[in-house]
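# Understanding the architecture of this molecule
These are the residues of each chain, in order.
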Amino acid sequence: MNDRLPYLRKKSMKLPLDPGVYIMKNKSGEIIYIGKAKILKNRVSQYFGSQNNHTTKVRKMVENVNDFDYILTDSEFEALVLECSLIKQHMPKYNILLKDSKGYSYVKITRGPWGRISACFKKENDGSVYLGPFTSGYSMRSMVEETNKIYKLATCNRKFPADIGKSRPCLNYYIGQCCAPCTGKVSQEEYQENLNDAVEFLKGGQSQQIKQLKEQMEKYSEALEFEKAAKLRDRINAMEKTTARQKVVSSVVRQQDVFAIVQSGEKACLHILRFNKGILFDSEDFIFDAPEDLPAARHELIMSYYSFGRTIPKRITLDGEAEDVDILSRWLSEKAGFKVMIGTVQKGEQASIMAMCRKNAAEKLAQYMGRAMKETAELDELKNLLGLKKVPEYIEAYDISHTAGSDNVAGMIVFRNGSPYKKAYKRFMIKGFSGQDDYGSMREVLTRRFEHYLDENETDEGFKTLPDLILLDGGQGQINAVKPVLEQFGLSIPLYGMVKDDKHRTRAIAADGGEVAITSKRQAFTLVSEIQEEVHRFAISYHKKKHSKSALETGLTKIEGIGEKKAGLLLKSFKTMKAISAASVEELCSVSGISRKNAEKIYEYFNGGSDE
């Protein structure tokens, strides 16, 4: 708790009701946060009021505030301009800052015989030729890769001529992407000619080269040199395919940047796809602390992204609402010198581009967090499908199992970060009643589960962790049964049912008042199906175990001197109760652990007398 809060609160209440910029400082006088406000008094005083309404990030910032300054402006727009300038100067700790670490990119062409073309991030004094710098590493790397394929240049680690003829060519040769100097079938002069053409291609002479190659191909054809003509034909086709792949990307919006945020746990990833003349020419991604206010975060991210000299497009497309869009659009328009539109998308080609952007964000975040892309994307899609406020990292699922109302049990499973977390699995034996009542069983199980949560002496992680989402095996009835339990404990946890079709496959998610179709959402469907199958397996395995024990209790364990261990030995030996009941005393005695007295008691139980 910040002991300076009373002072800061009193000072903030004396602020004017004007727009401006506020500057938070720590004990050392270091600037830790800069923000703007339409009404300074209202905005700044909120920081030093009740801490319960703040996000985790804001609470941490407030704990470190020792004092604050402010600068008045004539309008909120002027406050935004000043805020951007000050953030750029001071780089405060608690502002979302997109630090561009990728720098410039170069194309490297090694000198000497059998030269190679590759992508790199810095020039070295190694005698190689460098093309660049390029601001777009994405497009540069793609072009280098395509150029090597078109001209069939070597990209392996073999050294020529030292390694010629020493081993078989690699896969690239067999799929037509390398001329394989390692085989000795390509002369050094021919390879050098291909390398020179490739460099000219990279320098921007694509269209001119295609024209020259077509003329050369016709000459070879007229001279009946069909093999040479065919090689040129293949190269022309490869060039034209590369050009075609680059063009058909965005036919609706010719110039735009597409922003998508995917978050998981304490981290989030912003991925940006950049289009010019309808062509995807660059992509960038940034990992940062997960925001709890996405509209505010989008505003801050856009401001940060374009504050450091990046080209501003005519349109910025977002995956959700942003705070103060009109002011942000005006600021960008004045910087760019033309009208900049900021908006979201719902359908069509733009929606497909946004889906691609979100997929890439999920992939980058998964790589950063050391998880499979599949799990991150599934959770993100489930969050959007159900309209959840946060990614459901910790999911609990419940199922009831019984045989015609007997041996009622329930299983609770946990999926953490999209994978089974078996350490937190729980089994419940229904105690409150006998007979078949799935709704009553589900209600009892959730009640007991949250009683454990509220128990001060409880130490079990599976009980002490609150889930981000609860899934019940069933529909609206199960939801209606459990919803009052959550209300009773004062818990606000998203609650849904998993509905099966007549073939016991996941069909939909039951929500309060209806159903959410899920089959069209491939990734979320896969995750929910996996959860439903796992909770069913877990519940029914416990039921079978319980049912087997009941069978023992209704049979062998009622016999004097026969407990569960001896009953198990008998069943293991004879396989069935029928075989045990038909066995003689001598046969029963032959089972290790069964005494003659035990055998006589068993025989008497099933046959009503001794075995004479």
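Thresholds applied
Residues numbered from 1 in each chain as written. Predicted model: local features only at pLDDT ≥ 70, side-chain atom pairs only at ≥ 80, totals over all residues. Heavy atoms only, no water. pLDDT = per-residue confidence, 0-100. Helix = DSSP H or I, 4+ residues; strand = E, 2+ residues; numbered from the N terminus. Contact = heavy atoms within 4.5 Å. Expected span 1.5 Å × (residues − 1). Bend = angle between axes of the 7 residues up to and from the residue. Buried < 20%, exposed > 50% of the residue type's maximum accessible area, 1.4 Å probe, protein only. Axes fitted to C-alpha atoms, helices over the stretch in contact; angles between N-to-C directions. Parallel < 35°, antiparallel > 145°, perpendicular 65-115°, else oblique. Nonpolar A, V, L, I, M, F, W, Y, C, P; charged D, E, K, R; others polar. Pairing = 2+ DSSP bridges.

## Quick word on the confidence of the model for the protein
When pLDDT is low, close inspection of the predicted coordinates is not appropriate. For the protein, per-residue confidence averages 84 on the pLDDT scale, and 90% of positions sit at 70 or higher. Within the protein, no element has a lower average pLDDT than helix α9 (residues 226-247), which sits at 67, and none a higher one than strand β10 (residues 315-318), at 96. Counting interchain partners and residues more than four positions distant, the pLDDT-below-50 stretch residues 244-248 has five contacts.

## So, helix α16 (residues 476-488)
Taking 1.5 Å as the rise per residue, α16 with 13 residues should run 18 Å; its terminal C-alpha atoms sit 19 Å apart, in good agreement. At V482, α16 shows its maximal kink, close to 25°; a proline, P484, follows between one and four residues later. Of the residues making up α16, those classed as buried are G477, Q478, I479, A481, V482, V485 and L486. Those residues of α16 hidden inside the fold are in contact with α14 (438-454), β16 (469-473), β17 (495-500) and β18 (506-511). A positive backbone phi angle near 70° is found at G490, which sits one or two residues after α16.

## Quick look at the packing of helix α10 (residues 294-305) against helix α11 (residues 325-336)
Running from N to C, α10 and α11 point in directions that differ by 5°, and their axes come no closer than 11 Å. In this view, α10 runs roughly parallel relative to α11, as classed from their interaxial angle. Across the interface between the two elements, H299, I302 and M303 of α10 pack against L328, W331 and L332 of α11. Tallied by class, residues from the contact of α10 with α11 come to five nonpolar, one polar and no charged.

## Describing the sheet that holds strand β3 (residues 67-72)
Strand pairing in a sheet is mediated by backbone hydrogen bonds. Such pairs are either parallel or antiparallel. The strand order across the open sheet formed by three strands is β2-β1-β3, and the pairing between neighbours is antiparallel. The open sheet has two free edges, formed respectively by β2 (31-37) and β3, since each of these has just one partner strand. Direction aside, the axes of adjacent strands within the sheet are offset by 20° on average. Here strand β1 (residues 20-25) pairs with β3 via six bridges, running antiparallel. Within β3, the position partnered with G20 by the bridge is L72.

## Examining the pairing of β1
Counting buried positions along β1 yields five of six residues, so the element is predominantly enclosed. Relative to β2, β1 runs antiparallel, the two being bridged by six bridges. Directly across from V21, in β2, lies its bridge partner K36. Taking the residues between adjacent antiparallel strands as the criterion, β1 and β2 are bridged by five residues, where G29 takes a positive phi near 85°.

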